[in-house]
Structure formats: C-alpha cells, structure tokens
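If you want the building blocks of each chain, they are given just below.
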Amino acid sequence: MASPMELMCWGGDWGLPSVHTDSLIVLAYAKFSRAALKVHFINNPWKTPTGDIPVLTSDNTNVVQPENILNFLRKRKYDADYELSAKEGADTLAFIALIEEKLRPALLHTFWVDIENYCNLTRPWFASRIPFPLNFYLPGQMSRSAMNQIVLTKGEPPFYNLKEVEAQIYRDAKECLNLLSYKLGESNFFFGKIPTSFDAFAFGFLAPLCKAELPNAHLQKHLHQLHNLCQFCENILAQYFIQNSTDDIVDAKLQKLTQLVNKESNLIEKMDGNLRNSPQHKPQDAAISMYISNTCGVYIRFPHYLDFYLSPVFTLDLSN
C-alpha cells in the first residue's frame, strides 16, 4: 500500500491559505484534482527534506517545484486536465509559460525587491514566522535570490541597468494581466466550467497580488481594475478553501468535544463509585442527563452534597 502523500508549504495570511505563489499553485491543484494530501504549513525551509518549499513527500520520494509536483500527482491519477482537448492542453502549457515569463519577475520584484514593500510587508511577515535565528538570515537570502532571478532572466541587452529592467518587467506584467482578463472574460475558469492546472497557476500568481496589503501598490492597482481576475480569485477561495476550512474547524471542535465527554464521563464514574462506597452517604441511584448548549458550561450536581463546574461545553445533572 502506498504511503500517504504529504505536502509542506508556507503558511497563510491576508485571507489566503498560503502567501507563497508556488505553495498556492500546488494547494489549488490539489483541491481541483481532489488529491489526498496531508498538508503541513511550515515556515522554515530548513525543516524540509530538500530545503525547498513547497515539497511533496511520498514513498521516500521528495518532489519540488510546482510543475514537477503537478506531474507527480497526474501519475497518481489526480488529473485536473482530464476534460481538456488536445488544443486546450497545448493552450494551457502556453499560458503557463506566459505567466512564468511575464508575471513572475514582476511579482518577485513587487514583494522581494521593491524597498518599501520588502521593508514594511514581506520581510516583517517572514521574519515573524521563521524561527530564531534563521529569521535574521533567510528573508535577506530570499530577497537576493529574487533579485538574481530577475537579473538573469531580464537583465540582458537592450536592458543593462536595474531601472530599465524594472520598467520593462512591469510593462510585461500589465500586458500579461490584460491578456488574462481578456481570456477569462465572464467565465468562472479559463478553460470550460471546471478548473484546470492553468487555473491553479493563475490563482497562485494573482491571489497574493490581489490580497496583500502592499505599501507600494503600483501593479496591484492595475490588477484591481481588472475586476474579473479579482473575482476569479475570490470564487476559488470561497469554493475550495473557505468552506473546507470551516468544515475542518467544525470537525476538530467535534473531536475535542467527544474527547472531553469521554474524559468527564470517566471522572464521573470514578467519583460516583467513591461516593457509593463512602460510609458517610447512603448509596443511591443517580440518573445522568446531558444538555448541550452554546452558553452553559459543564455542571455536575450530586444530590445534597456536591456541586461544581468543569468547563464550558455541556451540563450533567445527577440530582434526580
């Protein structure tokens, strides 16, 4: 039997399950394909087997990079693109390549290179979550890595200095956003009525830019003018993350309630046994009634000799 698949990714904020683009891509695709993943939200790359986030672990195999993780899930029969035609499949690959080339450099610059955004949003967020003493080192390393990636991919003739590179990557990003808005139109998803791998990529790129509270929001303002792209992100959050998150919270509370009931029941049995064996009190039958309410706590009432409070979950009446 295959071991369960486990995903390690960056934690969430700003109303998002993760603030990290690559982590969001994998999380969204897992939701779309209904992949059975055990997700661990960690904020320390040094705790992962490879030093990368996100990383998918299964059968002693570690897979990194969204493209590789999605291909791994497809081989496990978790395929969100199964309804696409050959042409749509080719278009999906082309659009993914487009946003990787045109949009990723602008996102890297917006979050990791722009001084105002980096100092007031990105670095404080990551530094407050990465454990000491790595929080003094890793944000800076991630910023330098983002700068290196931008220069390697965009710092070529005819653009020789950073100002020219910055101007070009933002022009490319705005053109890419306009094209995505035109492609999406009034539909909920980019290809048909169900989300595909490209929807996962688009969500991973657009959602942080749409939801983050950026001090320097030059590119974000352009995105907010494209209402269908912002609504696209909101629809995915509402349909695939918020409801599931609520269900998980309810399940966790029910589990805690069950554990508390079992614990208190064992305590009641022990106390009842001690009271029955006590020579000071005549043994008598005690009928137990349980009342669950939103406001009452756990009250246990024994006839004539004990009345105390346990915890705000339910009421036990032993007085009858």
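Here's a quick rundown of the structure. Every residue gets a number counted from 1 within its own chain, in the order that chain's sequence is written. Given that the model is predicted, a residue must reach a pLDDT of at least 70 before its local features are reported, and side-chain atom pairs must reach 80 or more before they are shown or counted; all residues, however, enter totals for whole chains, interfaces and linings. The side-chain values count all of the structure's non-hydrogen atoms but skip hydrogen atoms and water molecules.

Here we take up the packing of aromatic side chains. Under the pairing criterion, centres of Phe, Tyr and Trp rings, with the six-membered ring standing for Trp, must be within 6.5 Å; the plane angle then separates stacked pairs below 30 degrees from edge-to-face pairs above 60, leaving the rest tilted. The tally for this structure, following the rule as stated, stands at 14 aromatic pairs. On the numbers, 6.2 Å between centres and 20° between planes, the contact of W14 with F111 is stacked. Within this pair, whereas W14 is found in the loop between β1 (5-9) and α1 (21-33), its partner F111 is found in helix α4 (residues 104-113), the two being separated by 97 residues in sequence. Burial classes: relative accessible area under 20% of the type maximum marks a residue as buried, over 50% as exposed, and values in between as partly exposed (1.4 Å probe, protein chains only). Of the residues examined, F111 reaches a relative accessible area of 9% and is grouped as buried. Taking 5.2 Å as the distance between ring centres and 70° as the angle between the ring planes, the aromatic pair formed by F190 and F232 counts as edge-to-face. Of the two residues, F190 is situated in the loop between α7 (162-184) and α8 (197-211) and F232 in helix α10 (residues 227-277); the sequence distance between them amounts to 42 residues. Overall, the relative accessible area of 5% leaves F190 in the buried class. On the basis of relative accessible area, F232 is assigned to the buried category, the value being 1%. A network of ring pairs unites the aromatic residues W10, W14, F111, W112, Y118, W125 and F126 as a single cluster. Segments assigned H or I by DSSP are reported as helices when at least four residues long, segments assigned E as strands when at least two residues long, and all are numbered from the N terminus.

Looking now at the nonpolar core. Counting 85 residues, the largest nonpolar core has L56, F190, F198, F203, L206, L229 and F232 as its most contacted members. When residues in this core are grouped by element, the largest group, ten residues, is from α8. Contacts are assigned to residue pairs with any non-hydrogen atoms lying within 4.5 Å of each other. Setting aside anything within four residues of it in sequence, one finds L229 in contact with L177, L180, S181, L184, F190, L206 and L223. What makes a nonpolar core is a set of buried Ala, Val, Leu, Ile, Met, Phe, Trp, Tyr and Cys residues whose side-chain atoms join them at distances within 4.5 Å.

For the rest of this paragraph, the subject is the pairing of strand β3 (residues 55-58). Two strands pair if DSSP finds at least two bridges between them. Pairing of β1 with β3, which is carried by three bridges, proceeds in the antiparallel orientation. Considered in β3, the bridge of E6 is made with T57. In this sheet, strand β4 (residues 61-64) lies alongside β3 in antiparallel orientation, the contact comprising four bridges. When the bridges of β4 are listed, L56 appears paired with V63. Here β3 hands over to β4 after two residues, with D59 in that stretch at a positive phi of 50°.

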